[in-house]
Amino acid sequence: MDLTYLPRLREEHQKALEICLSSIKQWETYIDDYKQLQSSLEIFPEKLSHNIMVPFGKLAFMPGKLVHTNEVMVLLGDNWFAERSAKQTIEIVARRIKHLEDHLAKLQNERRQQEAKMGFEEEFLDIAKEQSGIREIVEEYDESKEKIWKETHQKKVSAYKRKLREERQQSCKLTEEAPATTVCTHEEALARLEELELQESLGQEMHELTLSGGEELESSWSNSREESSRNQGEERAEEQSQLVKVSFTNII
């Protein structure tokens with residue numbers, strides 16, 4: 001992916017977002033001022049005059065009196081003014097506040113759009129980095145949390161080392177207190193080895209006996225076969241001699 005123009009695009013969107021935030025702040029100030037004026041106009045008609053501090057320059061004030069409290073000069077625009085009563089002025093202020101709130105809603109919508117665009121650019125940049133094999137890892141750092149983690153980690157390490165030391169001491173004590181167990185275990189191991197050797201020797205003897213028994217059976221079986229064949233041959237020879245004798249007597 002070509003990321004050449006992405007930083008420039010992000011920079012422009014960041015500038016647009018800053019301008020939008022500045023406009024939002026300014027229009028919110030306008031709304032607050034009109035609301036303060038509206039509340040003042042609701043109080044002034046209650047009296048014919050009010051004692052006030054009149055601003056005299058940027059840093060000075062002087063005492064004064066506000067008269068004709070039900071007569072207000074309203075700026076209509078382009079330096080045109082109209083004289084209105086306090087009630088009429090309150091209605092005009094309410095309409096202007098409504099107009100300001102509508103414009104502020106549009107600015108808020110624009111701010112959300114700019115933030116969404118910047119979020120899309122961040123996602124696009126992450127995808128491009130993943131495909132190129134580069135991934136940025138960002139971790140927040142809090143000094144107070146880091147300090148608490150170090151103290152907790154140090155306590156856990158100390159407890160783990162103390163536990164290992166106690167286990168090592170306990171194993172040493174068991175080794176010193178029970179030497180007979182080691183001798184007994186060694187004797188049992190020797191006895192077990194002797195038993196295994198005995199079993200192995202018995203197994204070899206049984207194997208040899210099985211082999212020798214098979215050879216004897218095979219030799220006896222072959223001897224019996226030879227003996228039976230020999231007997232059959234003798235019987236056949238005897239039958240032939242008898243036939244010869246019978247035929248000779250018939251001839252005589």
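This one's a predicted model, so the numbers in the text were calculated from it and none came from an experiment. (Residues numbered from 1 in each chain as written. Predicted model: local features only at pLDDT ≥ 70, side-chain atom pairs only at ≥ 80, totals over all residues. Heavy atoms only, no water.)

A. The environment of Ile43, seen in detail. With respect to the helices, strands and loops of the structure, Ile43 is situated in helix H1 (residues 6–43). For Ile43, a relative accessible area of 47% translates into the label partly exposed. With 26 residues separating them along the chain, Ile43 and Thr69 place their C-alpha atoms 9.3 Å apart. (Helix = DSSP H or I, 4+ residues; strand = E, 2+ residues; numbered from the N terminus. Buried < 20%, exposed > 50% of the residue type's maximum accessible area, 1.4 Å probe, protein only.)

B. Structural detail: the pairing of strand E1 (residues 49–56). Pairing of E1 with strand E2 (residues 60–67) involves 8 bridges; the strand directions are antiparallel. Residue Ser49 lies in a different strand from E2, and its bridge partner there is Val67. Connecting E1 to the next strand, E2, in antiparallel fashion are 3 residues, including Gly57 with a positive phi near 90°. (Pairing = 2+ DSSP bridges.)

C. Main features of the pattern of salt bridges. Counted by the stated rule, this structure contains 3 salt bridges. A salt bridge links Lys15 to Glu11, with the shortest nitrogen-to-oxygen separation between them at 3.9 Å. Within this pair, Lys15 and its partner Glu11 are both found in helix H1, separated by 4 residues, close to a single helical turn. Classification of Glu11 as partly exposed rests on a relative accessible area of 38%. A salt bridge links Arg111 to Glu115; the shortest N-O distance between them is 3.0 Å. On the criterion of helical spacing, the pair formed by Arg111 and Glu115 is a turn pair, its members being 4 residues apart in helix H2 (residues 86–131). Taking relative accessible area as the criterion, Glu115 reaches 37% and is therefore assigned partly exposed. (Salt bridge = Lys/Arg side-chain N within 4 Å of Asp/Glu carboxyl O.)

D. Seen up close, H1. Its 38 residues place the ends of H1 56 Å apart at the C-alpha level, agreeing with the 56 Å of an ideal helix rising 1.5 Å per residue. For H1, the full list of buried residues reads Leu6, His13, Leu17, Cys20, Ile24, Trp27, Ile31 and Leu41. (Expected span 1.5 Å × (residues − 1).)

E. Molecular detail of the pairing of strand E4 (residues 80–84). Relative to E4, strand E3 (residues 72–77) runs antiparallel, the two sharing 5 bridges. Its bridge partner lying in E4, Leu75 is registered against Phe81.

F. Structural detail: the confidence of the model for the protein chain. Scored by pLDDT, the protein chain has a mean of 76; 68% of the residues are at 70 or more. Mean pLDDT in the protein chain bottoms out at helix H4 (residues 179–251), which sits at 60, and peaks at E4, which reaches 88. (pLDDT = per-residue confidence, 0-100.)

G. Geometry of the packing of aromatic side chains. Inspection of the entire model under this criterion finds 1 aromatic pair. Seen in terms of ring centroids, Trp27 and Tyr30 are 5.9 Å apart; in terms of plane orientation they differ by 70°. Their pairing is edge-to-face. Of this pair, Trp27 and Tyr30 are both found in helix H1, 3 residues apart, which corresponds to roughly one turn of the helix. (Phe/Tyr/Trp six-rings, centres within 6.5 Å; stacked < 30°, edge-to-face > 60°.)

H. Inspection of unusual backbone geometry at higher detail. The residue Asp78 is not glycine, and still its phi comes out positive at about 55°. Inspection of the secondary structure puts Asp78 in the loop between E3 and E4. Phi is positive for Asn79, close to 60°, though the residue is something other than glycine. Mapping Asn79 onto the fold places it in the loop between E3 and E4.

I. Region of the structure containing the side chain of Gln114. With respect to the helices, strands and loops of the structure, Gln114 is situated in helix H2. When near neighbours in sequence (up to four residues on either side) are disregarded, Gln114 contacts His13, Ala16 and Leu17. (Contact = heavy atoms within 4.5 Å.)

J. Main features of the nonpolar core. Counting 14 residues, the largest nonpolar core has Ile24, Trp27, Ile31, Leu41 and Leu104 as its most contacted members. Where this core is concerned, the elements lending two or more residues are H1, E3 and H2. Here this core gets 7 residues from one element, more than from any other, and that element is H2. Residue contacts for Ile24: discarding those within four places in its chain leaves Leu104, Leu107, Gln108 and Arg111. (Core = buried A, V, L, I, M, F, W, Y, C linked by side-chain atoms within 4.5 Å.)

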